[in-house]
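Overview (structure and organization)
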Amino acid sequence: MSRRPSSPPVITLYDVPGHNAQPWAPNIWRIRFILNYKHLRYRTVWVEFQNIEITLRSIGAPPSSQRSDGRPVYTLPVIVDPTLNPSAPQILSNPNTIAEYLESRYPARPVFPEGSRALQTLFVNYIQEVFVKPLLPIMVPLSHQQLPERSQTNAHMSQSLPPGPQREHAWMLVKEQFDFLATILDKNASDGDGVVAMGHQVSYADFALCSVLVWIENMAAQDGWARVRHWNGGRWVRIRERCREYMDVC
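Residues numbered from 1 in each chain as written. Predicted model: local features only at pLDDT ≥ 70, side-chain atom pairs only at ≥ 80, totals over all residues. Heavy atoms only, no water.

Quick word on the overall build of the protein
Regarding its fold elements, the protein presents 10 helices and six strands. Here the protein has a C-alpha radius of gyration of 19 Å; the compact-globule value for 250 residues is 18 Å, and the two agree. Across its three principal directions, the C-alpha atoms of the protein cover 70 × 50 × 40 Å. Looking at the protein as a whole, 46% of its 250 residues qualify as buried. Looking at the protein alone, contacts between residues at least 24 apart form 67% of all its contacts between residues at least 6 apart. For the protein, the accessible surface area stands at approximately 12900 Å², while carbon and sulfur atoms represent 54% of it. If you average the places of the 25 positive and of the 22 negative side-chain charges in the protein, the two averages end up 6 Å apart. (Helix = DSSP H or I, 4+ residues; strand = E, 2+ residues; numbered from the N terminus. Rg over C-alpha atoms; globule rule 2.2 N^0.38 Å. Buried < 20%, exposed > 50% of the residue type's maximum accessible area, 1.4 Å probe, protein only. Contact = heavy atoms within 4.5 Å. Areas by Shrake-Rupley, 256 points an atom, 1.4 Å probe, with all protein chains shown as cover. Lys, Arg positive; Asp, Glu negative; His and termini not counted. Charge placed at Lys NZ, Arg CZ, Asp CG, Glu CD.)

Observations concerning empty space enclosed by the protein
Applying the stated criterion across every chain, the model contains one cavity of 30 Å³ or more. Here the largest cavity defines a volume of roughly 40 Å³. If you trace the largest cavity, you find it lined by Ile138, Leu142, Ser160, Leu161, Arg167 and Asp223. (1 Å grid on protein atoms, 1.4 Å probe; cavity = no way out; pocket = protein on both sides within 12 Å on 5 of 7 lines; lining within 4 Å. Points joined across faces, edges and corners; volume = space filled by probe spheres on them.)

Some remarks on the pairing of strand S5 (residues 78-81)
Residue alternation in S5 divides its side chains into two sets, Val78 and Val80 and Ile79 and Asp81, and both sets are buried. Strand direction decides the pairing type here: strand S1 (residues 11-15) and S5, joined by three bridges, are antiparallel. Residue pairing in the sheet places Tyr14 in a bridge with Val78 of S5. (Pairing = 2+ DSSP bridges.)

Regarding the side chain of Glu48
Along the chain, Glu48 turns up in the loop between strand S2 (42-46) and helix H2 (52-59). Residue Glu48 is classed as buried on the basis of its relative accessible area of 17%.

Side note on the packing of helix H8 (residues 204-219) against helix H9 (residues 221-228)
The contact between H8 and H9 brings their axes to 6 Å, and the two run at 135 degrees. As judged from the angle between their axes, H8 and H9 are oblique. For the pair H8 and H9, the crossing hand works out as left-handed. Between H8 and H9, the contacting residues are Leu213, Ile216, Glu217 and Met219 on the first element and Ala221, Gly224, Trp225 and Val228 on the second. Of the residues belonging to the contact of H8 with H9, the class tally is six nonpolar, one polar and one charged. (Axes fitted to C-alpha atoms, helices over the stretch in contact; angles between N-to-C directions. Parallel < 35°, antiparallel > 145°, perpendicular 65-115°, else oblique. Left-handed = near helix turned anticlockwise from the far one by under 90°. Nonpolar A, V, L, I, M, F, W, Y, C, P; charged D, E, K, R; others polar.)

Here's the deal with the side chain of Asn188
Looking at the element boundaries, Asn188 is found in the loop between helix H7 (165-185) and H8. In this structure Asn188 comes out as buried when scored by relative accessible area, which is 17%. A distance of 3.1 Å separates the side chain of Asn188 from the backbone oxygen of Val196, its partner in a polar contact. For Asn188, the side chain forms a polar contact with the main-chain oxygen of Ala197, separated by 2.9 Å. Aside from chain neighbours lying at most four places away, what touches Asn188 is Asp193, Gly194, Val196, Ala197, Met198 and Gly199. (Polar contact = N/O pair within 3.5 Å; in protein donor to acceptor, adjacent residues only side chain to side chain.)

Re the domain arrangement of the protein
Along its sequence, the protein is organised into domain 1 (11-105) and domain 2 (116-246). Taking only C-alpha atoms, the centre of domain 1 and the centre of domain 2 are 21 Å apart. Our enumeration of links across domain 1 and domain 2 arrives at one salt bridge. At the junction of domain 1 and domain 2, the tally comes to nine residue pairs in polar contact (both at pLDDT 80 or more). (Domains from an automatic or database assignment. Salt bridge = Lys/Arg side-chain N within 4 Å of Asp/Glu carboxyl O.)

Regarding the state of the cysteines
Disulfide: a covalent bond connecting the sulfur atoms of a pair of cysteines. The final tally for this structure, using the stated rule, is zero disulfides. For Cys250, which is in no disulfide, the shortest distance to another cysteine sulfur is to Cys243 and amounts to 16 Å. Given the relative accessible area of 45%, Cys250 is considered partly exposed. (Disulfide = S-S within 2.5 Å.)

Brief notes about the packing of aromatic side chains
For the structure shown, the criterion picks out 12 aromatic pairs. With centroids separated by 5.2 Å and ring planes inclined at 70 degrees, the aromatic side chains of Phe178 and Trp231 adopt a geometry described as edge-to-face. In this pair, Phe178 sits in helix H7 while Trp231 sits in the loop between H9 and helix H10 (235-242), placing the two residues 53 residues apart along the sequence. The same class applies to Phe178 and to Trp231, which are both buried. Ring centres of Phe207 and Tyr246 lie 6.0 Å apart, and the angle between their planes is 75 degrees; this geometry places the pair in the edge-to-face category. (Phe/Tyr/Trp six-rings, centres within 6.5 Å; stacked < 30°, edge-to-face > 60°.)

This is the structure in structure tokens:
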């Protein structure tokens, strides 16, 4: 009796579920965009907040960072790549580390076009550390409210901003960052399409930005995306559309 050929190994992406089947977490979307853009075979394993550390420890994933007292911090995304050696797969955490690995291991369809790695790294750092900061007081509580009930119980988040002047001021601070970034990206209009960071082709920088847009759209459709989509002449809808074909969920 002949044995059926085994299926080739695929990458596993660990993600955290929201209120529906659509992924929402921006750091994890960055990696999902890369996997889809590079046409890599992968599957998603969903892990609720309260199970992240025990799950990642069980598979031998490295911590993504350390607390000030030296204790490890386990966060998503994490990927497990068995394609080189199924018995000793590559297990990586931290979105930037994963992005660098995927670019090195799978160089076809690069997300870091030649000579752009340093500038893209600075751009992504700006998105992480500056651009997204005014969004946190708005988006973190809204995201918390839309997690599965068990995850809400185990995740301690701040209170949502009530409708009124305080929330409007928070969105004004967010818009200041969007306005500034729009002026920077507009510099590509004379020798590119004026939409994507590298001028013509989507890249890791665009995926980092679009991940934030997807977060707003999925977790704050009425109060957030309804505003953002009209800012800066519809620029953010255009970049969202440029990334749409890389939004499959496997």
